[in-house]
Amino acid sequence: MTATTYEYTDVPGGVPIKAWTRGVPVEDGARAQLARAAQMPFIFKHVAAMPDVHIGIGATVGSVIPTKGAVIPAAVGVDIGCGMMAARTSLMASDLPDHLEGVRSAIEQAVPHGRSVGRGKRDNGSWGSPPPAIVSAWSTLVQRFDRICEKHPRLKNTNNLVHLGTLGTGNHFIELCLDEEARVWVMLHSGSRGVGNAIGSFFIELAKQDMRKWHLNLPDEDLAYFPEGTDHFDDYVEAVGWAQDYAALNRRMMMTNVIAALRQVIAKPFEAELEAVNCHHNYVTRENHFGENVLVTRKGAVRAAKGVMGIIPGSMGAKSFIVRGLGNPDSFDSCSHGAGRVMSRTQAKKLVTLDEHIADTAGVECRKDEGVIDETPKAYKPIEAVMAAQADLVEIVHTLKQVVCVKG
């Protein structure tokens, strides 16, 4: 592997940055944020940046940060275990109804989505009374959760059971897609919902408190960390592992309910999950790289070890890709998790008109109102450029184009 596949940056007082960003825009703020992470004393070898890299809180979205002897909670973020699931069905495009409004409506009724707040009101993004299948799935997680809450009681009163099998808001979505052979796929994007957010936020603040107590000066307070061997390190690893399992189960339960909804509105019997992928892109795990065992935090990045399947989605009007990892050691066996933003949500709402959003989502049965302008295609980098920049990280197995998109 040669250095021509990525941009190499030396960081004074830190490890280098290797960035797969040729041909894609990168904000100066994201470059500076990557450099601050690279200056932490326990980073292993280098920091890897994916082509969808953009500024985040503490750690850059689209970064892969390997560590020895410590973990940075903000390098995982607050949507712990956020990721993708895709499943191919035996349906073809010709099996779908001519008009897809009914399909979108059925999915929206099957999966709680969005968020509503108000005194005495149920959040419409949660279950009022979780159905038996959700309660049964929760039972596989509850003992470990109770053990975590015994140590940290404030995590108990969170949206946990009522959010299992729900979508959320922001860039989370459920889509019906067609591949290059006009086969129908179901694809969705969500994470550990309210309980994962609570766990992430709690431990990020706890790490900051530890840094203040020990009078440690950091290049960025959000890079607060837990040294290995401390109680807080062990507690975080336990809690983050649980939240990652919750997120994977959350996607599984949504997929089950979406497929059941499709069977109600599509008369033709069909099989589902003929090819299925369920992968995180905000998480921490122990892996072996360059002959050493390290902790790898991927924030907006997908594991792309040789032969491992992954999902790289575009925006609501763009292509998405089912990929197979090539196992590039310099990227710590990683690839991008999507297209990556070029506009903040606030910028998108100011700069993109509703007419532009409608034009850019032509042919997709989706929301075409001002409430989703922050997720409009123009807010994201061109997915084709992102894929070209990481041609040595993954190979494309399937190219998908959405025909239905459900947003919270």
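That block above? That's the structure.
Description of the structure in this document. Please read all numbers here as calculations on a predicted model, not as lab measurements.

### What to know about the overall build of the chain
For the chain, the helix and strand inventory stands at 9 helices and 17 strands. The C-alpha radius of gyration of the chain comes to 21 Å, within 12% of the 22 Å expected for a compact globule of 408 residues. Here the chain holds 408 residues, and 56% of them are scored as buried. Taking all contacts inside the chain whose residues are at least 6 apart in sequence as the whole, residues at least 24 apart take part in 74%. Each charge sign in the chain was given a centre, from 43 positive and 46 negative side chains, and these centres are 3 Å apart.

### Some thoughts on helix H2 (residues 101-110)
Taken as a whole, H2 has its buried residues at Val103, Arg104, Ala106, Ile107 and Ala110. The buried side chains of H2 occupy one side of the element, clustering within an arc of 160 degrees when seen end-on. Lining the buried residues of H2 we find strand E7 (173-178), helix H6 (231-265) and strand E17 (394-407).

### With respect to the sheet that holds strand E12 (residues 292-299)
The mixed open sheet is built from 6 strands, whose spatial order is E1-E2-E3-E4-E12-E11. Only two strands of the sheet have a single partner each, and these edge strands are strand E1 (7-9) and strand E11 (282-289). Taking each pair of neighbouring strands and ignoring which way they run, the sheet shows an average axis angle of 20 degrees. By the bridge criterion, 3 bridges tie strand E2 (residues 17-19) to strand E3 (residues 47-54) in an arrangement that is parallel. Along E3, the bridge assignment pairs Ile17 with Val47.

Basis of the calculations
Residues numbered from 1 in each chain as written. Predicted model: local features only at pLDDT ≥ 70, side-chain atom pairs only at ≥ 80, totals over all residues. Heavy atoms only, no water. Helix = DSSP H or I, 4+ residues; strand = E, 2+ residues; numbered from the N terminus. Rg over C-alpha atoms; globule rule 2.2 N^0.38 Å. Buried < 20%, exposed > 50% of the residue type's maximum accessible area, 1.4 Å probe, protein only. Contact = heavy atoms within 4.5 Å. Lys, Arg positive; Asp, Glu negative; His and termini not counted. Charge placed at Lys NZ, Arg CZ, Asp CG, Glu CD. Arc of directions from axis to C-beta. Pairing = 2+ DSSP bridges. Axes fitted to C-alpha atoms, helices over the stretch in contact; angles between N-to-C directions.

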